[in-house]
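Structural characterization, general
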Amino acid sequence: MPFVPHTIEDERIMLDAIGVKSIEELFDEIPNDLRAGELEQTPTSISEMELLRLMNERARSDEVSLSFLGAGAYEHHIPGAVWDLVSRGEFLTAYTPYQAEASQGTLQLIYEFQTMISRLTGMDLANASVYDGASALAEAILMAVRANRKSKSKKVLCAGNVHPRYISACRVIVGPQNIEIEIAGWDQVTGKLDTTALPSGEDYAALVIPYPNFFGGLEDVDTLTDWAHKEGALVIGVVNPMALGLLTPPGSWGESGADIVVGEGQPLGIPVSSGGPYLGFMCCKQAVIRQMPGRIIGRTIDLDGKEGFTLTLQAREQHIRRAKATSNICTNQGLLVTAAVIYMSLMGDEGLHEVAKQSHRGLMSLLDRVIGIQGVELRFPGPYFHEAAVKLPIPAKEVVTALAKQDVLGGFDLGEMDTSLGDCLLVNVTETKTDSDIDHFISSLTLALEA
Amino acid sequence: MLIYEMGSKGRSAKAQYRKSGAITDIPTAHLRSEPAGLPEVSELQVVRHYTNLSKKNFSIDGEFYPLGSCTMKYNPRGVHKAASIPGFLNRHPLAPEAQSQGFMHCLYELQEYLKDVTGMQAISLTPMAGAQGEFAGVAMIRAYHEKNKDVQRCEILIPSTAHGTNPATAVMCGYRVREIAVTDEGDVDLAELKAAVGPQTAGLMMTNPSTCGVFERQIKEIAAVVHEAGGLLYYDGANLNAILGKVKPGDMGFDVLHMNLHKTFATPHGGGGPGSGPVGVGSRLAPFIPTPIVGKRDEDGSDFYFWCNEEDIPDTIGNLSAFMGNAGILLRAYAYARLLGREGMHRVGEYATLNANYMARRMEDAGFKLAYPRRRATHEFIITLSNEAKELGVNAMDFAKRILDYGYHAPTTYFPLLIPECWLIEPTETESREEIDGFVDAMKRILDEAHHSPETVTGAPFTMPVRRLDDVKAARELDLVLAK
C-alpha cells in the first residue's frame, strides 16, 4: 500500500519481536463491538498519475481568465523564488521549533518576519502569526480586553465597514467570553466612519479601525485614534499590509499610534488559493506584549555565547499555562510566514511601494473609465487604496453572473454585505492588471449592462 | 547572519517590479512619510540566505522525526503537487459556485470520506487547526445547551493528561475546567468521573487513544456516565492516526470531534503550521455546525455543488475564518485520501500500531523503562527516564538534545506532565524497520554515554548550528525584533 515501507519479511520480524502472531492481536484491548467494518463511502486507491489527471481536470474547470475580485483576498505577482524556496522539504516538513537547536532555520526566519512586519506597521513587536486576518482580529479584541488597564469594559467598538466576515468570525470567537462587539455605523454618503458622530461617555476596551476599510476607502485614522485614546480605549488597526507600502503605518496614527495591529498577510506572496492557508499577523506596542497570544521568537545566545533563536514568553501559551493561557492557539502559519518573509525581502521598501502605487493607479484608471458608462457612478468618494464601490443601474448580483459568463470575475456584490448596497460592485485592481485588462473589464461591463 | 546584515542601501531584486512616478491624488496625511525598513538585498542574496536557513532545520524529508502526538509521517510530494495546480492556487475564495465546481467537488468528497472514517453525521472543513476545531466543537456544545435552555451547565471535564489546548479551549468557550485523574494504567479514573458529573457538566473532552499512548478501554462506560448526566462528549482527534480505519469515534459515543489533517492526513506541518482541523458532529450537534460547508444537488441531471451558509443552517455557530479555512490543506488531505483509498486507510492504523509496539519492545530491550509496560502501545508510547535522571544525573531533556547529534529529531519531551522525565514517541506507519532500529541503537549508545561520560549527554548537542540556548535571557531581555 502507499507509503508503508514494510515487506512481508519486515512484518514477520517485527511481530516476532513483539511476541504476537498478527497485527490484529495488537488491537486486542479495543472492545470487539467498537471495531469498524469496511469504509463504504471511501473509494479504492488510485495512483499518483491518476490523481494528477483528476486534479488537473478539476482545477482547469475553475480557471477564469481575468479577475477584479478582491474583498479580502488579492491577486499580486508572486516572485518565482518565493514558492520554490517555501517548497523545500526543510521548511515544508518541519514542525513547531520546540527543539530550538534543530530548528534554527524556522526560528530565525520568524524573527526576521517579526522584524519586517513590525517595521511595516510601525509597531514595536509582533508574534509569529495566527491563522488568518479574521481570527487575528478576534485575538486582538480578546487581547485588548485583557490589556486595557484604564477600562474593565468587555465592550469593543468596531467600525461597521470592517470586512463583514471578519466581524461575524469575531462574534463567534469572542462571544462565549461575554465580550460584546458594538458596531459604529458608516456614513451613507462617505462610506467611512463619521468622526463627529462617535458615541461619547461610553466605556469601550478598544476601537477597531480598518485601513483601508472594506469599501477600499481611507478612514480619518488620526482623529479616530486620538478619540479612542481620549476615551480610554485601545486602538486596534486592521490593515492591508500591501497598502502600508504607500500609506501611513498604524504606529504613526494620531498622537500616539495604534496599540494593536492585525491583518491578512495574504497579499505578501501568498496565492488567493480559495481562501487559505493565509496568515494573520499581529503586532503591538511594547506595553501589551505579555497579553499577546501565539508563538513569539526571541534572539538569545547559546552556551558558547553564539547568537541563536528560540521560542520565548511561553508562559502565555496553552502548552504551559493550559486553562490560564492567553489563547488556545497552538500553531502559527509557519509556511506562509516563510513565503511572506521571502516576499518582503525580495520586494524591499521600494518594491512594496511600487506595487501599492501601481495597484492604486490601476484602480483610479479603471474608475475614470467606468463612470463613463451610462448609469454607472462611484458609490463613495475617495481617497481609495486599490478597491472601490461602483454603483450600477441594475443589481450587482446580475452583473457578477453576466461577467462570469464572459470569463471575468468583475468584483464582489456588496448586496451580500448590506442589502442597501445591492446595486454596488466592489472592484479591485492590483499591479497585475494591464491597460488592456482594464479595457477588457470596461467592455465586458458595458456588454453586461446592455444585455 | 540576519538578512538585514547582508543588505546595502539601494540594492533590490529589480526584476520583481517596475518603477513609476509619484502618487498625487491621495492627501499627504495618508501617505507614509518614510520607508518601513525592509531588507535591501539582491534576488540571489535572498535565495541563498533562505536556502541556507532551510539547512538549519530538521524535517521529515531529512530526518526521522518521532514526535509523539504530532504524527510526523511522510508528506507525499505528489499530493503537494496536486494541490499546487494553478487552477487551484488562482481560484478566488469568493468566485461564483459555477466557476468553482472542481474545487467544491473535491471538498464535498472529502467531507464524505471524513464522515466515513469517523462515523459522524456531518463534517465542517473550515476550522484552520486542531485548536480551532476544538473551539468550534466546544462552542457547539455550548450552543446546544443554550438552545435547550440548559444554561447552568458551566463545567467541562478534562482528563489530567489532556493536551493543553483542551483546557485553554474550554476557557475560551466560557467554561470552567475540572480535571479528572488518570489511573496508573493510563485509564480515566471512572470513580472520580462519576463523582464529578452533575447538572453543571456541559461535556467531557478526551483523546482516545489517550496521550498516555494507550486505548481508553472504558470508553463506552465513560460515554454513558457523561450522557446520563446530560453532558456531551468531545473527541480530540490528535491521535486519530492510531485507529484510522479500525475504530470510528462516532461508534465510541462521541458527539463531536476534530481531526488534525496535518497529522492523520499527512499534510505538511510547515514549520509550525498551517494545520487544518475539520469538525465532525453526530445528530445532537448537527444543527450548530460551523459554516460554510459544501452541499450537492441535482441540476439538469448532473451534480451541482453549492455552499451551505447561515440561511441553510440557521442555528450554526457561524464562520471561523474570512473564507473557507485552510482550503489548500483540505485539497492535500483529499489527494492523500484518494492515494490511500479505503484499503490504505485501514492500514494506516495497523502499521502505525505495529511500528510503535515494535519500537516500544526494542526500547525496553535496550534498557529503557516503559511507562505502561502492561499495556499495548497504540500508535505511540511513553518511556520514562526518571531512573537515569536520578541515578546518572542525565534527564529527559539531555537525552533529547543528544539524540539530535545522532541525526534524529527528539520525541515529545515532558508530556504528558503526569509522567516524570518522559518521552512520548510516535514513529508513524511510514517509517521503515531500519530507521526504527537505527534510532534504538543510537539510544543504546547514549545510555552508554550517560553511564561513562555523562557530560557528552548533558552538554549536548554538539553538532547543531547552535548549542543549548539561554532561554532565561531570551525571556528576560526580550529581543523580538531587530532594532532599527
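Residues numbered from 1 in each chain as written. Chains lettered and ligands numbered in written order. Predicted model: local features only at pLDDT ≥ 70, side-chain atom pairs only at ≥ 80, totals over all residues.

**Observations regarding the overall build of chain B**
Rule in force here: Secondary structure elements are defined from DSSP: runs of H or I of at least 4 residues count as helices, runs of E of at least 2 residues count as strands, and each element is numbered from the N terminus. Contact criterion: two residues are in contact if their C-beta atoms, reconstructed from the backbone, are within 7 Å.
A count of helical and extended segments in chain B gives 16 helices and 13 strands. Summarising its shape, the C-alpha atoms of chain B cover approximately 75 × 60 × 45 Å along the three principal directions. Considering only contacts within chain B whose residues lie at least 6 apart along the sequence, 74% involve residues at least 24 apart.

**Quick look at the overall build of chain A**
Selection rule: In this scheme every C-beta is placed from the backbone, and a residue whose C-beta has 20 or more other C-beta atoms within 10 Å is buried, one with 12 or fewer is exposed, and one in between is partly exposed.
On a plain count of helices and strands, chain A comes out with 12 helices and 15 strands. Dimensions along the principal axes, computed over C-alpha positions, put chain A at roughly 80 × 55 × 50 Å. Sorting the 451 residues of chain A into buried and exposed places 62% on the buried side. Taking contacts inside chain A between residues at least 6 apart in sequence as the whole, the part at least 24 apart equals 75%.

**Quick word on the interface of chain A and chain B**
Basically, it comes down to this: In this classification, Asp, Glu, Lys and Arg are treated as charged, Ala, Val, Leu, Ile, Met, Phe, Trp, Tyr, Cys and Pro as nonpolar, and every other residue, Gly included, as polar.
Each side of the interface is counted separately: chain A has 162 residues, and chain B has 169 residues. Looking at which element gives the most residues to the side of chain A that touches chain B, the answer is helix α10 (residues 334-370) of chain A, with 20 residues. For the side of chain A that touches chain B, the per-class residue count stands at 79 nonpolar, 53 polar and 30 charged.

**A word on helix α12 (residues 435-450) of chain A**
All names here are of chain A. Heads up, the condition is: Given a helix with a known number of residues, its expected span is that number minus one, times 1.5 Å. The reported arc concerns the directions from the helix axis to the C-beta atoms and nothing else.
A rise of 1.5 Å per residue sets the reference length of α12, with its 16 residues, at 22 Å; its end C-alpha atoms lie 23 Å apart and thus fit the reference within 8%. Those residues of α12 that sit buried are Ile-438, Phe-441, Ser-444, Leu-445 and Ala-448. In an axial view of α12, the angular spread of the buried residues amounts to 125 degrees, which keeps them on one side of the axis. What points out from α12, more than 90 degrees from its buried face, is the exposed set Asp-435, Ser-436, Asp-439 and Glu-450. Buried-residue contacts for α12 involve α10, α11 (396-405) and β13 (408-409).

**Section: unusual backbone geometry**
That bond from Gly-276 of chain A to Pro-277 of chain A is cis: its omega, 0 degrees, falls within 30 degrees of zero. Within the secondary structure, Pro-277 of chain A is located in the loop between β7 (260-264) and β8 (280-284). In this structure, Asp-407 of chain A is a non-glycine residue whose phi angle is positive, near 70 degrees. You can see Asp-407 of chain A is positioned in the loop between α11 and β13. Phi angles above zero are rare outside glycine, and Ser-69 of chain B is one such case at about 70 degrees.

**Re the confidence of the model for chain B**
Cut-off, in case you're wondering: Residue-level confidence of the predictor is summarised by pLDDT, bounded by 0 at the bottom and 100 at the top.
Across chain B, the average pLDDT comes to 96, with 100% of residues at or above 70. Complex prediction metrics read pTM 0.97 and ipTM 0.97.

**Considerations on the environment of Ala-196 of chain B**
Residues and elements named next belong to chain B. Tracing the backbone shows Ala-196 in helix α7 (residues 190-196). In this structure the C-alpha to C-alpha distance between Ala-196 and Val-182, which are 14 residues apart in sequence, comes to 14 Å. Excluding its chain neighbours within four sequence positions, the residues that come into contact with Ala-196 are Leu-157, Arg-178 and Ile-180.

**Section: the domain arrangement of chain A**
Residues and elements named next belong to chain A. Put simply, the rule is: An automatic or database domain assignment is the source of the domain bounds shown.
The domain architecture assigned to chain A consists of domain 1 (66-77 + 349-450) and domain 2 (80-342). Averaged C-alpha coordinates put domain 1 and domain 2 at centres separated by 28 Å. Domain 1 puts 24 residues into the contact, and the matching count from domain 2 is 20 residues. Going through the elements one at a time, α10 and β12 (387-391) are the ones with two or more residues in the side of domain 1 that touches domain 2. Element by element, the count of residues in the side of domain 1 that touches domain 2 is highest for α10, at six residues.

**Some details on the sheet that holds strand β11 (residues 377-378) of chain A**
Residue and element names in this part refer to chain A. Where we set the bar: One bridge is not enough; two strands pair if DSSP finds at least two bridges between them.
If you trace the four strands from one edge of the open sheet to the other, you get β11-β12-β15-β14, paired in antiparallel fashion. Single-partner strands in this sheet number two, and they are β11 and β14 (412-413). Across two bridges, β14 lies against strand β15 (residues 424-428) in antiparallel orientation. In the strand pairing of β15, Asp-413 is matched with Leu-425.

**Here we look at the pairing of β12 of chain A**
Residue and element names in this part refer to chain A. The buried fraction of β12 is high, at four of five residues. Across five bridges, the pairing between β12 and β15 is antiparallel. Paired with Ala-389 across the strands is Leu-426, a residue of β15.

**Re the environment of Ala-396 of chain B**
Residues and elements named next belong to chain B. By secondary structure assignment, the location of Ala-396 is in helix α13 (residues 396-405). Residue class for Ala-396 comes out buried when judged on the 22 C-beta atoms lying within 10 Å of it. For the pair formed by Ala-396 and Ser-386, sequence separation is 10 residues and the distance between their alpha carbons is 7.8 Å. In this view, Ala-396 contacts Leu-385, Ala-389, Thr-413, Tyr-414, Glu-421, Cys-422 and Trp-423; residues no more than four positions away in its chain are not counted.

**As for the packing of helix α4 (residues 101-118) of chain B against helix α11 (residues 327-365) of chain B**
Residue and element names in this part refer to chain B. Put simply, the rule reads: All axes are obtained by fitting lines to C-alpha atoms, using only the stretch in contact for helices, and the reported angles, taken between N-to-C directions, cover 0 to 180 degrees. Should an angle fall under 35 degrees it is taken as roughly parallel, and over 145 as roughly antiparallel, whereas 65 to 115 is taken as roughly perpendicular and any remaining angle as oblique. Crossing handedness: left-handed means the near helix sits turned counterclockwise from the far one by under a right angle, and right-handed means the same turn made clockwise.
Two numbers describe how α4 lies on α11: the axes approach to 10 Å, and their chain directions differ by 45 degrees. Relative to α11, α4 is oriented oblique. The way α4 lies across α11 gives a crossing that is left-handed. Residues Cys-106, Leu-107, Glu-109, Leu-110, Tyr-113 and Val-117 of α4 touch α11, and the partners they reach there are Leu-330, Leu-331, Ala-333, Tyr-334, Ala-337 and Met-345. Split into classes, the residues belonging to the contact of α4 with α11 amount to 11 nonpolar, no polar and one charged.

**Structural notes on the packing of α11 of chain A against α12 of chain A**
Residue and element names in this part refer to chain A. Close contact between α11 and α12 brings their axes to 9 Å; oriented N to C, the two are set at 120 degrees. The pairing of α11 with α12 is recorded here as oblique in orientation. Taken as a pair, α11 and α12 cross one another with a handedness that is right-handed. Each of Val-399, Ala-402 and Leu-403 in α11 lies in contact with α12, whose residues at this interface are Ser-444, Leu-445 and Ala-448.

**Thoughts on helix α2 (residues 48-61) of chain A**
Counted at 1.5 Å a residue, the expected span for α2 of chain A with its 14 residues is 20 Å, and the 20 Å between its end C-alpha atoms agrees. The secondary structure elements touched by the buried residues of α2 of chain A are α2 (77-83), α3 (86-89), α4 and α11 of chain B.

**Points about the sheet that holds strand β13 (residues 422-425) of chain B**
All names here are of chain B. Here we have four strands laid out as an open sheet, ordered β10-β11-β13-β12, and antiparallel in their pairing. A single partner strand is all that each edge strand has here, and the edge strands are β10 (369-370) and β12 (412-413). Bridging between β12 and β13 involves two bridges; their strand directions are antiparallel. Bridge pairing links Thr-413 to Trp-423 in β13. Along the sheet, α11 makes contact with β10, β11 (381-384) and β13, crossing β11 at roughly 15 degrees.

**Looking at the nonpolar core**
Inclusion rule: Definition of nonpolar core: a set of buried Ala, Val, Leu, Ile, Met, Phe, Trp, Tyr and Cys residues joined via C-beta atoms within 7 Å.
Counting residues in hydrophobic clusters, the biggest one holds 319 residues, and the most contacted among them are Ile-141, Ala-144, Ala-206 and Ile-236 of chain A. Per-element accounting of this core gives the leading share, 21 residues, to α11 of chain B. Shared between two domains, this core holds at least three residues of each, these being domain 1 (66-77 + 349-450) and domain 2 (80-342) of chain A. Look past the residues within four positions of Ala-206 of chain A in its chain and what remains in contact with it is Ile-141, Ala-144, Asn-148, Val-156, Ala-233, Leu-234, Val-235 and Ile-236 of chain A.

**With respect to the environment of Ile-179 of chain A**
Residues and elements named next belong to chain A. Among the secondary structure elements, Ile-179 is positioned in the loop between α7 (164-174) and β4 (180-184). With 21 C-beta atoms counted inside 10 Å, the residue Ile-179 sits in the buried group. Once residues within four sequence positions are removed from consideration, Ile-179 is found in contact with Ile-141, Val-145, Lys-154, Val-156 and Val-174.

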